[in-house]
Amino acid sequence: MNLRKKIFYLILFTLFVNVNVLAVILTNEEVEQADISLLTDETKVFQSIGMGIALSLAQCDGVDLCSLTVEESEIRELLKALDSRIGSLILKQEEAEDPDSIDSVITAYMNERDSYNAHLEKLQSITSTLDTDIDLLEEADQIEADFPVESARNEELLDYINELEAFDDEELEDDEDLEDLPELDDINSTP
């Protein structure tokens, strides 16, 4: 594992440890009945998840081959949850006695939504780059497969090997008698 990945996982682990264990993403029903402090805690959870996504995207930024640890569908689900929170809080704000406290939570959710939208755009640009690279590799493989010269060479080599195998070992024995050959000195001295 390279140093960059180790640092990424260390930071990600630290982020999750620092988040309150009881802090979770609330269901829509829980949001309706949640108080401001619980909603504020949830914005911190969204912020921590967003930091993890940012780190995941950063490890693939400018890298030719990279396996992403986050998917577009996951970010879209988180965006839906954020939009739902914002919508329900706007309705809750109209009925609240202290609308300013809800306004600060709405602002925190909106900031996270903007951050997630930026993450989604970055993810789409990375995946389109990776898809383009994969398409180019597949096209190169297809071009090599369609190129007939290599297969012709392989057939010629196979034919040659088959011809060599057709000879028996007996046929390859030297049938000349070594005694009949002139000495090396005699060959060099003849004009």
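Computed from a predicted structure; not experimentally measured.

Enquirer: Explain the confidence of the model for the protein residue by residue, including any values.
Expert: Mean pLDDT for the protein: 74, with 61% of residues reaching 70 or above. Helix α4 (residues 72-95) holds the highest mean pLDDT among the elements of the protein, 90, whereas helix α1 (residues 3-18) holds the lowest, 59. In this model residues 17-22 is a low-confidence stretch, pLDDT under 50, and it forms two contacts with partners more than four residues away in sequence or in other chains.

Enquirer: Break down the pattern of salt bridges for me, with residues and values.
Expert: In the structure shown here, the tally under the stated rule is four salt bridges. Glu77 is the salt-bridge partner of Lys80, the closest N and O atoms lying 3.4 Å from each other. Residue Lys80 and its partner Glu77 are located together in helix α4, separated by three residues, close to a single helical turn.

Enquirer: Hey, could you go over the nonpolar core for me, with residue numbers and the actual values?
Expert: Core analysis: the largest hydrophobic core is formed by 24 residues, its most contacted members being Leu39, Phe46, Ile53, Ile75, Leu89, Tyr109 and Tyr116. Of all the elements in the fold, those that place two or more residues in this core are α3 (36-60), α4 and α5 (99-146). The biggest single contributor to this core is α5, with eight residues.

Enquirer: Now, about the environment of Arg113: what can you tell me, with residues and values included?
Expert: On the secondary structure map, Arg113 appears in helix α5. For Arg113 and Leu79, which are 34 residues apart along the polypeptide, the C-alpha to C-alpha distance reads 6.2 Å. For Arg113, the residues in contact, after removing those within four places along its chain, are Leu79, Leu82, Asp83 and Ile86.

Enquirer: Can you tell me about the packing of aromatic side chains, naming the residues and giving the values?
Expert: Under the counting rule described, the total for this entry stands at two aromatic pairs. Taking the centre distance of 6.2 Å and the plane angle of 75° together, the rings of Phe46 and Tyr109 count as edge-to-face. Remark: Tyr109 occurs in helix α5 and Phe46 occurs in helix α3; sequence separation between them is 63 residues. Look at Tyr109 and you get buried, because its relative accessible area is 0%. For the pair Phe46 and Tyr116, a centre-to-centre distance of 6.3 Å together with 75° between the ring planes defines the contact as edge-to-face. Of the two residues, Phe46 sits in helix α3 while Tyr116 sits in helix α5, which places them 70 residues apart along the sequence. Relative accessible area serves as the criterion here: at 0%, Tyr116 is assigned to the buried category. Ring pairs connect the aromatic residues Phe46, Tyr109 and Tyr116, which therefore count as one cluster.

Calculation rules
Residues numbered from 1 in each chain as written. Predicted model: local features only at pLDDT ≥ 70, side-chain atom pairs only at ≥ 80, totals over all residues. Heavy atoms only, no water. pLDDT = per-residue confidence, 0-100. Helix = DSSP H or I, 4+ residues; strand = E, 2+ residues; numbered from the N terminus. Contact = heavy atoms within 4.5 Å. Salt bridge = Lys/Arg side-chain N within 4 Å of Asp/Glu carboxyl O. Core = buried A, V, L, I, M, F, W, Y, C linked by side-chain atoms within 4.5 Å. Buried < 20%, exposed > 50% of the residue type's maximum accessible area, 1.4 Å probe, protein only. Phe/Tyr/Trp six-rings, centres within 6.5 Å; stacked < 30°, edge-to-face > 60°.

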